[in-house]
Amino acid sequence: MAKDANNLKNNRQFRRRYMTFLRMVRYGVNNFSRNAWLTTAATAVMTITLIIILTSYLMQHVFDDTITSVRQKIDISIYLKKGVSDSDIKTMQNNLEKQSNIEGVTYVTPEQAQKNYNKQNKDDTDLLKQLGVIEGSAGGSLLPGSFSVRVKDLGKINELKSYVDKNSLFQANLNPDVAPSYGDKQGAIENIANTAVFAERVGLFASVLFVVISSLIIFNTIRMAIFNRREEIQMMKLIGADRSFIRGPFIVEAVMYGFFAALLATGLVYTIMVLVQDKLSQYGVTVGPTVQIMQNYPGLILLATIVAGAVLGVASSQLAVRRNLKV
Amino acid sequence: MILLDRVTKVYSKDAKPALNRVSLHIEPKEFVILVGTSGAGKSTLLKLLTREEKPTSGKIVVGGIDYDTLKDRQIPLLRRKIGTVFQDFKLLPQRTVFENVAFALEIAGMTNKEIKNTVPKVIELVGLTGKEKQFPHQLSGGERQRVAIARAVVRQPKILIADEPTGNLDPRHSWDIVKLLEKINRYGTTVLLTTHNVEIVNRLKRRVITIDHGKISSDQAVGSYKQ
């Protein structure tokens, strides 16, 4: 008997809580739809905030991809003399690939090197004509075979130089007329490496700064919106509303700001990325992989943006409501 | 119904007490008018009754609830037992007449069915049938105050506190509101009305308590008021 009474009481409490929850949601939705000016202003500011947050995050990706792409383009050439046997070439390539700082090694045959050269200078017909005559008369390529080496860390290029200098097989087969290119480019390579690290740090700092500033803007916008409704909050308190009942609709409203702003922000950022992709690529900025991520995981990115918007909105509104809930 | 025993309220150490050892007893179903000049202490007394303020010293008991033992989380429950009407109406601007009145029941956890049954009756009581779907800005001052009264009495409180309810109304609407308060009092609700309106006080011929400089200067069973 006592157990039944207890169950009945628990059921009633649950139903009452559920009803209260539904009412808070309804009030939040009503406030959102009936305060058109306020809703528009808060959603617009939230959209800008989320665009800044999303762009900051995506730009980090674009930046990383661009740096990786630039690094991949920087390769070191180790030129070999003519007549090196295939087995020696294979051994040297394998030995290079075993080095810890080596990303990849490609052997470029003299014929391939000549083809690449011709392709690069296809507009200089006089030069090619002259070379073609010489090439034709000599019956082969003018250029030596070489290893094209990509390193993981440009700052540790000296390790490669030291290895090549000390290795007897390399010393026996290096081209005596053309020295390895890492010596010539080392200064430039170090500069690029340092600039990349510096730019990464600046980018991260700028992103954090933008996110902090935009969060403060949305916080103040919502705070002002709630300040305008402080009498409403006061009235609710005076007729006996619980704190949770007063807070609830503001939470729902803030989540709605976050939801609609996230839809707008994600859509706008995606559209802009797609539109500028080709233009930026011309300047060596690698946008493609980031756009690809957005295309592969649209739901996840939208969800993350909605969560970010909702968290910002709810935190801002709760801080603002708390100030008005005293008494 | 309402008991104040040597209640003092001091807002800051240097200032004079807003209320100074005020003792007062109001019986159930009484209609009491509280008068006094601005700054006399009327609003402070009402704020103490609704627990917006705590007394510096003294004892307050309302409807059997001793405020000394009242915890913060119980304050909303106390306020649900006291109906309050304000000079500036304090309606929810984005909600209709029906929703404003229903709000008082919703916060108390009443079911939708109970709300649908109760609210129209109270709206009829205050003479606003047909205006349920209108928003406060679409109503006159007198009508807004009727909505506020409907919201205050919809939970059938034992006590109704009306703080200058006619302060923003013209004489005709003011008298309509006072008659409505009398009607509510006839149904058994204790009414505590504050006003500056001499004509209303003198026509009502009810108990009049005058507050002056934080003290009760007179308490007449059938009182009058001179400004």
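Structural notes, computed from the coordinates. Fair warning: this is a prediction, and the values are worked out from it, not measured in the lab. (Residues numbered from 1 in each chain as written. Chains lettered and ligands numbered in written order. Predicted model: local features only at pLDDT ≥ 70, side-chain atom pairs only at ≥ 80, totals over all residues. Heavy atoms only, no water.)

Across the contact, 21 residues belong to chain A and 27 residues belong to chain B. Three residues, Arg34(A), Leu238(A) and Ile239(A), lead the burial of chain A against chain B; their summed loss comes to 28% of the area buried on that side. Taken together, chain A and chain B are joined by four salt bridges. The shortest N-O distance in the salt bridge between Glu106(B) and Arg23(A) comes to 3.9 Å. Across the contact surface, chain A and chain B share 13 residue pairs in polar contact (both at pLDDT 80 or more). The element that contributes the greatest number of residues to the side of chain A that touches chain B is helix α1 (residues 2-34) of chain A, accounting for eight residues. Of the residues in the side of chain A that touches chain B, the class split is nine nonpolar, five polar and seven charged. (Contact = heavy atoms within 4.5 Å. Buried area = accessible area lost by both parts, 1.4 Å probe. Salt bridge = Lys/Arg side-chain N within 4 Å of Asp/Glu carboxyl O. Polar contact = N/O pair within 3.5 Å; in protein donor to acceptor, adjacent residues only side chain to side chain. Helix = DSSP H or I, 4+ residues; strand = E, 2+ residues; numbered from the N terminus. Nonpolar A, V, L, I, M, F, W, Y, C, P; charged D, E, K, R; others polar.)

Attention now goes to empty space enclosed by the protein. Empty space among the atoms becomes visible once a probe the size of a water molecule is rolled across them. Tallied over the entire structure, the rule returns two cavities of 30 Å³ or more. Approximately 60 Å³ is the volume found for the largest cavity. In this structure, the largest cavity is lined by Leu38(A), Ile222(A), Ala225(A), Ile226(A), Arg229(A), Phe250(A), Glu253(A), Ala254(A), Tyr257(A) and Ser317(A). Of the residues assigned to the lining of the largest cavity, the class counts are seven nonpolar, one polar and two charged. A volume near 30 Å³ is recorded for the second largest cavity. If you go around the second largest cavity, the residues you meet are Ile239(A), Arg79(B), Ile82(B), Gly83(B), Thr84(B), Ala104(B), Arg151(B), Ala152(B) and Arg155(B). For the lining of the second largest cavity, the elements supplying multiple residues, two or more each, are β6 (82-85) and α5 (141-153) of chain B. Residues that form the lining of the second largest cavity fall into these classes: four nonpolar, two polar and three charged. (1 Å grid on protein atoms, 1.4 Å probe; cavity = no way out; pocket = protein on both sides within 12 Å on 5 of 7 lines; lining within 4 Å. Points joined across faces, edges and corners; volume = space filled by probe spheres on them.)

Residues and elements named next belong to chain B. Strand order in the open sheet formed by six strands is β6-β7-β8-β3-β9-β10, and the pairing between neighbours is mixed. Strands with a single pairing partner mark the edges of an open sheet, and in this sheet they are β6 and β10 (215-220). Averaged over neighbouring strand pairs, the angle between their axes works out to 20° when direction is ignored. Direction of pairing for strand β9 (residues 207-212) relative to β10: antiparallel, over a ladder of five bridges. If you follow isoleucine 209 over to β10, its bridge partner there is aspartate 219. Here α5 sits on the sheet and contacts β6 and β7 (159-163); the angle it forms with β6, its principal contact strand, is near 170°. Sitting on the sheet, helix α6 (residues 171-186) is in contact with β3 (31-35), β7 and β8 (190-194), with an inclination near 155° to β8. (Pairing = 2+ DSSP bridges. Axes fitted to C-alpha atoms, helices over the stretch in contact; angles between N-to-C directions.)

Residue and element names in this part refer to chain B. The strand order β2-β1-β4-β5 describes an open sheet built from four strands, whose pairing is antiparallel. Sheet topology places β2 (19-26) and β5 (65-66) at the edges, where each strand pairs with a single neighbour. Pairing geometry for strand β4 (residues 57-62) and β5, over two bridges, is antiparallel. Residue pairing in the sheet places valine 61 in a bridge with aspartate 66 of β5. Contacts between helix α1 (residues 42-49) and the sheet are confined to β1 (2-9), β2 and β4, with β1 contributing the most and set at about 120° to the helix.

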